[in-house]
Amino acid sequence: NFNNIYFKFNFSSALKIVPTIIKQSKVQVAFPFDEYFQIECEAKGNPEPTFTWTKDGNPFYFTDHRIITSNNSGTFRIPNEGHISHFQGKYRCFASNKLGIAMSEEIEFIVPSVPKFPKEKIDPLEVEEGDPIVLPCNPPKGLPPLHIYWMNIELEHIEQDERVYMSQKGDLYFANVEEKDSRNDYCCFAAFPRLRTIVQKMPMKLTVNSLKHANDSSSSTEIGSKANSIKQRKPKLLLPPTESGSESSITILKGETLLLECFAEGLPTPQVDWNKIGGDLPKGRETKENYGKTLKIENVSYQDKGNYRCTASNFLGTATHDFHVIVEEPPRWTKKPQSAVYSTGSNGILLCEAEGEPQPTIKWRVNGSPVDNHPFAGDVVFPREISFTNLQPNHTAVYQCEASNVHGTILASANVDVVDVRPLIQTKDGENYATVVGYSAFLHCEFFASPEAVVSWQKVEEAKPLEGRRYHVYDNGTLQINRTTEEDAGSYSCWVENAIGKTAVTANLDIRNATQLRVSPKNPRIPKLHMLELHCESKCDLHLKHSLKLSWSKDGEAFEINGTEDGRIIIDGANLTIFNVTLEDQGIYCCSALTALDSAADITQVTVLDVPDPPENLHLSERQNRSVRLSWEAGDDHNSNISEYIVEFEGNKEDPGRWEELTRVQGKKTTVILPLAPFVRYQFRVIAVNEVGRSQPSQPSDHHETPPAAPDRNPQNIRVQASQPKEMIIKWEPLKSMEQNGPGLEYRVTWKPQGAPVEWEEETVTNHTLRVMTPAVYAPYDVKVQAINQLGSGPAPQSVTLYSGEDYPDTAPVIHGVDVINSTLVKVTWSTIPKDRVHGRLKGYQINWWKTKSLLDGRTHPKEVNVLRFSGQRNSGMVPSLDAFSEFHLTVLAYNSKGAGPESEPYIFQTPEGVPEQPTFLKVIKVDKDTATLSWGLPKKLNGNLTGYLLQYQIINDTYEIGELNDINITTPSKPSWHLSNLNATTKYKFYLRACTSRGCGKPITEESSTLGEGKYAGLYDDISTQGWFIGLMCAIALLTLVLLTVCFVKRNRGGKYSVKEKEDLHPDPEIQSVKDETFGEYSDSDEKPLKGSLRSLNRDMQPTESADSLVEYGEGDHALFNEDGSFIGAYAGSKEKGSVESNGSSTATFPLRA
């Protein structure tokens, strides 16, 4: 529309434009509650148009002082003051300048009156029961829509049903009255919602007289039935009224709702049906309302015209009425005249076509007046077109086309402007444009020109028109550059030229890099209920970064900005996260990028994996005694190929209802021949397996029962359970239910002494154990067990060798000697007992020993037996962890599976002296600038006669440098203190003290202390020792120590748990390593290694030290425990002395220089 182009220009006086109506009112209603009423008319043109009005076809002047006008506008207001009814009418606005006159459509101004029912006296109505009656409403006229209600004085609706009906006009119809219809407050209410008004008619009184044809003694039921029989009649139509005859016509406008109503009086109450003569009622648009009395057809079309029949019927007859429905339509445009700009001498045409029913008539106007009043030479006027030849400037005008029929009038205007002007370019000069590589660029050059102009574009630096397939210039002047490259950037000129002159503007084009996207991972396959994370990586031109917006969609449907409300799907910019993935999440996910200049998208196909659906339609075929073919159909694999099928069966008589796996089938197969066992009522099911997991089991197959047969196998694991001497309790694994093959399962057991030329003994049992008495102890027997049932025997059984019950060994070994290895370790040798005296399978030998006294003080010890076992046939063993310088008794016995035999005669031996344990404490009790006094406690275990102490010391100031080690041999073992002199002042020392016997010195105890500087008093301990509180404290400590020692002594005499292994691990003895090769007891060496030596060895020539030894290293790991009479006591219980088996160091012991 050229007219729209004109208004975009900042017109100069050189370009004259005819007026155009751009805004106008439609129907205007003067509602009483509005403050004012505005009738609008706005127009544009050059020169500025002036406005005039007509009312009902006559000039209308603003003479009423109440009217308020607007400057440069035809709009005026009528205030809601006083009487305004004389303003009601049809208005038309005219906007004119010297070039032409524009005319508006008619604007109807309605001043509604206040609707009221007339004041009238309504006579009461009286009818007999069963008669028809109509209560008229006759509502007042008012602004539609009108809603009518029938209510009583208490504003309760009068109930309507098949017998009672309110018509479209508001009258209330009764097909036949009943006694209950009597009331004196029938009120008709008319509501006008647009006026916010409801008015009420005066109440009406209706009296229904009951018929009295029966005696007073008759019942009311009899009276009612007789009354009904008298008044019964066939239907008679009340709507449409009788005077309209059997036919009537009704006109309805296309698109509106058609309402046809029929109501008949009669008794019984008639039923109403509807049909269309010669056709069907329109499905989906027709409804029957008000108990069938109203036919409603919505959105009426021309196909709905025709004859409709309503039929009212009861058992006495029928009544009909035909409605002839006519569908008409107000005018509507099919072609509207279009405004245009012409140059002098050109030709033109205006078209105007409209449709409607009846067919609209078309009238042409020029500047608001009939076209006949404005003849131009060469113009041809037809009802549907006007053609122009040799247009001249005086042709400039507003042409109006008006189409009308009985249902309305429509108006269309077209401006004809005859103008000669140099091209005017609307687009600003120097406009900047941008696009991305590969996209099209659009450079605008909107213009107005008359006569027509030619547009050309060129690059400023090239100064020649653009040529080539990539360039296209549109009629409106826009230049399109297709598939842009970076070389297209630069400045362009747009030239517009016609016969009057030419004009140009420039435009600048920038080329940006295209936005790129990549969604990862690509085409993921994710198991159900797992988490899916998608990332959208974007690459964008820096100039477009600020406008970049990312969005996600699935299968073309966009997600909400932040995901779903339940938080299962979360979108955080470039990241999309889905928790607990479901099968519905499968699909194509797209990440889209939108910038100010371009867009990009990338997709990924998400495949959701799940366990397969269960197989279906299981079928059994090829049924045999020992096999059957099972076939099935695969379920949905949910995007993961089925790798295998698991076939399960149920039918185990021992465990009914439990499904067991029978076989597995490759995923591509859906049939298998199943091997079966006899005497089983089988049922099968199949489970599909893919990479995600197993499906639910299929529905079970039909049952398949196999016939019984003899057993296919014999029992396994035939063995002898622990038996008494000369007895065999033979046991075996019974056949499982699926292995029995038939009813009546039993076991045939045969046996005979091995190698003896005697017959096999035989016994048949039903359980899986048999007790057999034998003449000899621990004698070999050949034994067979065969399965049998009611159908026969199993295969020939294999013979196994079993032994009869064992007895205890009846002789003791003889001890040959005890070799003392060191102070804590001895080697015992003995003679083995004869094989025939073992009375069973020899398991090994057991050494029992106990300490009798200490050689240091001669004190005797209560008997506490220690036990060490050696497996297998052997004649020697090591006994470790003995107390040094003590006397022991020792016995040896043999044992088999039954138990232990008699002990040998006790063997007496003594252990030599060993090195002492470390002193119990070492304290520096007094220091001065060059002296120190040390005090210590005796070792807990002397392990011999104490000969003295070795005191060593060295400087260990707080550096890595250490001083030379100094030795002092103290040969007075009874003196527990020593005074050192000639020490350095203000120096830190480390002291080492060892206790010694004739066998050497034991482990050291250490202490650190520093000497004092010059002038400092060092008699701290002397001062404290004279204080009363210190003496009291020392006495309390001594008393507490005495109590603790008493408790320990009592617990020691009771015996206690003895952890030899733990102590030995703490104090390894290198001497033991040299004798381990000679030991025969079962033991396990600890993986723990001795601690490494200190930074510097003492390098002293010292006596070899001895070590206590671990029971675990020399005996069996379980080291069973026995008391004096050889009975099992379950724990290793020894005396405290016996248990003290700490290592005392080694011959190359080193000491840490820093404690």
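Computed from a predicted model, the values in this text were never measured in an experiment. (Residues numbered from 1 in each chain as written. Predicted model: local features only at pLDDT ≥ 70, side-chain atom pairs only at ≥ 80, totals over all residues. Heavy atoms only, no water.)

## Looking at the overall build of the protein
Secondary structure summary: the protein contains 8 helices and 87 strands in total. Residues counted as buried form 45% of the 1155 residues belonging to the protein. Taking all contacts inside the protein whose residues are at least 6 apart in sequence as the whole, residues at least 24 apart take part in 67%. A total accessible area of about 60,600 Å² is found for the protein, and carbon and sulfur atoms account for 49% of it. (Helix = DSSP H or I, 4+ residues; strand = E, 2+ residues; numbered from the N terminus. Buried < 20%, exposed > 50% of the residue type's maximum accessible area, 1.4 Å probe, protein only. Contact = heavy atoms within 4.5 Å. Areas by Shrake-Rupley, 256 points an atom, 1.4 Å probe, with all protein chains shown as cover.)

## Quick notes on the packing of aromatic side chains
Tallied over the full model, the rule gives 27 aromatic pairs. Look at F60 and F76: their rings are 6.0 Å apart centre to centre, the planes differ by 35°, and that puts the pair in the tilted class. With F60 in strand β6 (residues 58-60) and F76 in strand β8 (residues 76-79), the pair connects residues that are 16 residues apart, well separated along the chain. Their ring planes at 45° and their centres at 6.3 Å tell us that W830 and F870 sit as a pair that is tilted. Highlighted residues: W830 in strand β72 (residues 825-831) and F870 in strand β74 (residues 866-871), separated in sequence by 40 residues. Residue F870 is classed as buried on the basis of its relative accessible area, which comes to 0%. Here the aromatic cluster, defined as three or more aromatic residues joined through ring pairs, consists of W53, F60, F62, F76 and Y91. (Phe/Tyr/Trp six-rings, centres within 6.5 Å; stacked < 30°, edge-to-face > 60°.)

## Topic: the nonpolar core
One finds L135, W150, L172, F174 and Y186 to be the most contacted residues of the largest nonpolar core, which totals 25 residues. Sort the elements by how many residues they give to this core and strand β17 (residues 183-192) lands first, with 4 residues. Judged by nonpolar contacts, the second largest core, of 23 residues, contains I39, I78, A95 and L99. (Core = buried A, V, L, I, M, F, W, Y, C linked by side-chain atoms within 4.5 Å.)

## With respect to the state of the cysteines
Simply put, disulfide is the name for a covalent bond between the sulfur atoms of two cysteines. Enumeration according to the criterion identifies 7 disulfides in this entry. Shown here is the disulfide that connects C41 with C93, its sulfur atoms set 2.0 Å apart. Where C41 bonds to C93 through sulfur, the torsion about that S-S bond is close to -75°, and the disulfide is left-handed. With a gap of 52 residues between them, C41 in strand β4 (residues 41-46) and C93 in strand β9 (residues 89-97) connect regions that are remote in the sequence. Take C41: its relative accessible area is 0%, and that puts it in the buried class. Residue C93 is classed as buried on the basis of its relative accessible area, which comes to 0%. A disulfide bridge connects C262 with C310, and the sulfur atoms are separated by 1.7 Å. What sets the handedness of the C262 and C310 disulfide is the S-S torsion sign, and at about -55° it is left-handed. Note that C262 is positioned in the loop between β22 (258-261) and β23 (263-267) and C310 in strand β27 (residues 306-314), a separation of 48 residues in sequence. (Disulfide = S-S within 2.5 Å.)

## Things to note about the confidence of the model for the protein
For the protein, the mean per-residue pLDDT works out to 85, and 86% of the residues sit at or above 70. Confidence, expressed as mean pLDDT per element, reaches its minimum in the protein at strand β87 (residues 1133-1134) with 34 and its maximum at β72 with 96. Long-range and interchain partners of residues 213-224, a stretch whose pLDDT sits below 50, account for 5 contacts in this model, where long-range means more than four residues apart. Counting interchain partners and residues more than four positions distant, the pLDDT-below-50 stretch residues 1116-1155 has 133 contacts. (pLDDT = per-residue confidence, 0-100.)

## Let's talk about the sheet that holds strand β43 (residues 471-473)
Taken in spatial order, the 3 strands make up an open sheet running β40-β44-β43, and their pairing is antiparallel. Looking along the sheet, the strands with just one partner apiece sit at the ends: β40 (441-443) and β43. The mean inter-strand angle of the sheet, taken between neighbouring strand axes irrespective of direction, is 20°. Examined bridge by bridge, β43 and strand β44 (residues 479-481) share 3 bridges and lie antiparallel to one another. Paired with V473 across the two strands is L479, which belongs to β44. (Pairing = 2+ DSSP bridges. Axes fitted to C-alpha atoms, helices over the stretch in contact; angles between N-to-C directions.)

## Examining the side chain of Q28
Here Q28 lies in strand β2 (residues 28-29). If we skip the residues at most four places from it in the chain, Q28 touches F37, Q38, E108, F109 and I110.

## What to know about the sheet that holds strand β56 (residues 616-621)
As summarised here, the arrangement of the 3 strands in space is β56-β57-β60, forming an open sheet in which the pairing is antiparallel. Of all the strands in the sheet, just β56 and β60 (671-675) have a single pairing partner and so form its edges. Taken pair by pair, the neighbouring strands of this sheet meet at an average axis angle of 25°, ignoring direction. By the bridge criterion, 5 bridges tie strand β57 (residues 627-633) to β60 in an arrangement that is antiparallel. Note on β60: the bridge partner recorded for V628 is L674.

## A few points about a nonpolar patch on the surface
On the surface, a nonpolar cluster with roughly 370 Å² of combined accessible area is contributed by L1039, L1042, V1043 and V1047. Among the structural elements, V1047 can be located in helix α4 (residues 1028-1054). (Patch = residues over 30% accessible without salt bridge, like charges linked within 9 Å, V, L, I, M, F, W, Y side chains within 5 Å. Salt bridge = Lys/Arg side-chain N within 4 Å of Asp/Glu carboxyl O.)

## Quick notes on a negative patch on the surface
Taken together, the side chains of D613, E616, E633 and D636 present a region of like negative charge at the surface. Along the chain, E616 turns up in strand β56. Take E616: its relative accessible area is 44%, and that puts it in the partly exposed class. (Lys, Arg positive; Asp, Glu negative; His and termini not counted. Charge placed at Lys NZ, Arg CZ, Asp CG, Glu CD.)

## Some thoughts on the pattern of salt bridges
All told, the structure shown has 46 salt bridges when counted by the stated rule. Linking E727 and R771 is a salt bridge whose minimum nitrogen-to-oxygen distance equals 2.3 Å. Of this pair, E727 sits in strand β64 (residues 727-733) while R771 is found in strand β67 (residues 769-773), placing the two residues 44 residues apart along the sequence. The partner of E762 in a salt bridge is R748, and the shortest N-O contact between them spans 3.7 Å. Placement of the pair is E762 in strand β66 (residues 761-765) and R748 in strand β65 (residues 746-753), with a sequence separation of 14 residues. On the accessibility criterion, E762 (51% relative accessible area) is exposed. Since its relative accessible area comes to 23%, R748 is described here as partly exposed. Shared partners join several salt bridges into a network, and the residues in it are R92, E106, R365 and E402.

## Notes on the pairing of strand β79 (residues 932-936)
Taking burial as the measure, the 5 residues of β79 include 5 buried ones, the bulk of the element. As judged from the 5 bridges shared by strand β78 (residues 922-927) and β79, these two strands associate in the antiparallel manner. Directly across from V927, in β79, lies its bridge partner A932. Looking at chain direction, β79 and strand β82 (residues 977-980) are connected through 4 bridges and run antiparallel. By the bridge assignment, T933 is partnered in β82 with H979.

## Structural notes on the pairing of strand β35 (residues 385-388)
Pairing between strand β30 (residues 348-351) and β35: 4 bridges, direction antiparallel. Bridge pairing in β35 links G348 to F388. Bridge count between strand β34 (residues 380-382) and β35: 3 bridges; the pairing is antiparallel. Within the sheet, the bridge partner assigned to V380 lies in β35 and is S387. Hairpin geometry of β34 and β35 is characterised by an intervening segment of 2 residues between the two adjacent antiparallel strands.

## Digging into unusual backbone geometry
Cis peptide bonds are those with omega within 30 degrees of zero, and the linkage from L267 to P268 qualifies with 0°. Structurally, P268 is set in the loop between β23 and β24 (271-276). Geometrically, the link from E357 to P358 is a cis peptide bond, its omega value of 0° lying close to zero. In the Ramachandran plot, D555 falls in the positive-phi region, its phi being about 50° despite a non-glycine side chain. Note on placement: D555 falls in the loop between β50 (549-554) and β51 (557-558). Positive phi, close to 50°, is recorded for T986, a residue that is not glycine. A residue is classified by how much of its surface remains accessible, and T986, at 57% relative accessible area, is exposed.

## Digging into the environment of E497
With respect to the helices and strands, E497 occurs in strand β45 (residues 490-497). By relative accessible area, which is 44% here, E497 ends up partly exposed. Each C-alpha atom of the pair E497 and V454 lies 5.3 Å from the other, and the pair is 43 residues apart in sequence. The contacts of E497, once residues within four sequence positions are left out, are P423, A453, V454 and K502.

## Focus: the environment of E446
In this fold, E446 is placed in the loop between β40 and β41 (447-450). Under the relative-accessibility criterion, E446 is labelled partly exposed at 29%. Linking E446 and N476, residues 30 residues apart in sequence, is a C-alpha distance of 5.7 Å.

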